[in-house]
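# Results of the structural survey
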Amino acid sequence: MTTFLVTGGSGQLATALAKAAPARVRIVGRPAFDFDRPGTLATLFRDAPPTLVVNAAAWTAVDLAESQPDAARRANETGPAHLASLCARHGTRLIHISTDYVFDGEKGAPYVETDPVNPTGVYGATKLAGERAVRAALPGAVILRTAWVYAEGGRNFVRTMLNAATRMDRLRVVADQRGCPTNADDLAQTVLTVADVMLGGAPAGGIYHAAGAGETTWHGLATAIFEEAARHGWKIPAVEAIATADWPTPARRPADSRLDCTRLADTFGVRLPPWQPSLRRAVAAICGAPAMAN
Ligand SMILES: NC(=O)c1ccc[n+]([C@@H]2O[C@H](COP(=O)([O-])OP(=O)(O)OC[C@H]3O[C@@H](n4cnc5c(N)ncnc54)[C@H](OP(=O)(O)O)[C@@H]3O)[C@@H](O)[C@H]2O)c1
């Protein structure tokens, strides 16, 4: 059984990978692995270069990236470029995680991998630059673009909604942005499958979309979260549907960043499950946790 290295220590995907395959993955995070301190990357390769790396470390604060573009660039572009070069030098396979926010959301249909990219903010722009840098350094790298990731722990929309439910009777949620909610556990299973196929010697690197099946809006997601929370006896807030224009944020987000994941299924034989049952599982687990009772 080949073990592999996962960056992004305390993050949602790294944590899910550690939970899914504790015997197979070695998780590294800050301060031992820090894109802001490039020497920490070389150290990881010095003694025993890993067979495969999953790069789940990233600057994911979409709004904050607008005011801290240099830090976002180090985590999302120059850091991954350096990591990919080290992988190339040591014969290490690389799975690099990217985002639906490389698209501008204007297509009006789910995006395929060959669609033109046009990020609307610094986060998407730095992630796109990271994709390009990784592919230039290591053409065999597999890049998985995912979307709207949440987990039982971590900072994410699901937890934000449930936290708000403990304090508020009424919430306003954007109803004109569409996407594919992705449970970090489902993404972790997909990463493990992709890793196994790569370690088996096939196929060639490239970009693949890997998000929860189906689609919704942030408002639809909030409604589904609260439906499940209500089943667990929670008092739930009223959810008002609003337009993006009524919820100004520093970063502009794509209005419709749904991802078509057919290429992933055709190449790796894996498809993420529909988002609803995965969401219900996560919400049930969070609602059952003593610290979150409302
Ligand atoms: N979250 C989403 O909705 C979403 C959507 C689409 C794509 N993605 C992509 O999916 C991947 C995994 O996301 P996630 O949700 O698991 O992210 P996450 O929970 O925000 O975790 C990101 C991890 O990256 C680490 N990190 C940040 N800057 C770093 C740096 N300069 N050097 C080293 N590590 C650094 C963080 O470390 P600290 O804990 O020390 O800060 C954290 O452990 C990322 O590539 C992300 O871009 C996420």
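Look up a bit, the structure's there.
The structure presented is a predicted model; accordingly, all values stated were derived computationally and were not measured.

## Section: helix α1 (residues 12-20)
Within the span of α1, buried status applies to Gln12, Leu13, Ala14, Ala16 and Leu17. Each element contacted by the buried residues of α1 is listed here: β1 (4-7), β2 (25-28), β3 (52-55), β4 (93-99), β6 (149-150) and α7 (184-199).

## A look at the packing of helix α2 (residues 39-46) against helix α4 (residues 69-90)
Viewed as axis vectors pointing N to C, α2 and α4 meet at an angle of 20 degrees, and their least axial separation amounts to 10 Å. Accordingly, the angle class assigned to the pair α2 and α4 is roughly parallel. The chirality of how α2 crosses α4 is right-handed. Contact residues: Leu41, Ala42 and Phe45 in α2; Gly79, His82, Leu83, Leu86, Cys87 and His90 in α4. In terms of residue class, the contact of α2 with α4 is built from six nonpolar, three polar and no charged.

## Looking at the pattern of salt bridges
A side chain with one charge may pair with a side chain of the opposite charge, provided their charged atoms come close. One pass over the full model with this rule turns up 15 salt bridges. One salt bridge connects Arg74 with Asp36, and the closest N-O pair in it is separated by 2.7 Å. Pair noted here: Arg74 is in helix α4 and Asp36 is in the loop between β2 and α2, with a separation of 38 residues, a long-range link. Of the residues examined, Arg74 reaches a relative accessible area of 36% and is grouped as partly exposed. One salt bridge in this structure joins Arg258 and Asp256, with 2.8 Å as the shortest N-O distance. Here Arg258 matches Asp256 in class, with each residue buried. By sharing partners, the salt bridges in this structure join Arg178, Glu215, Asp256 and Arg258 into a single network.

Reading guide: rules and limits
- Residues numbered from 1 in each chain as written.
- Predicted model: local features only at pLDDT ≥ 70, side-chain atom pairs only at ≥ 80, totals over all residues.
- Heavy atoms only, no water.
- Buried < 20%, exposed > 50% of the residue type's maximum accessible area, 1.4 Å probe, protein only.
- Helix = DSSP H or I, 4+ residues; strand = E, 2+ residues; numbered from the N terminus.
- Contact = heavy atoms within 4.5 Å.
- Axes fitted to C-alpha atoms, helices over the stretch in contact; angles between N-to-C directions.
- Parallel < 35°, antiparallel > 145°, perpendicular 65-115°, else oblique.
- Left-handed = near helix turned anticlockwise from the far one by under 90°.
- Nonpolar A, V, L, I, M, F, W, Y, C, P; charged D, E, K, R; others polar.
- Salt bridge = Lys/Arg side-chain N within 4 Å of Asp/Glu carboxyl O.

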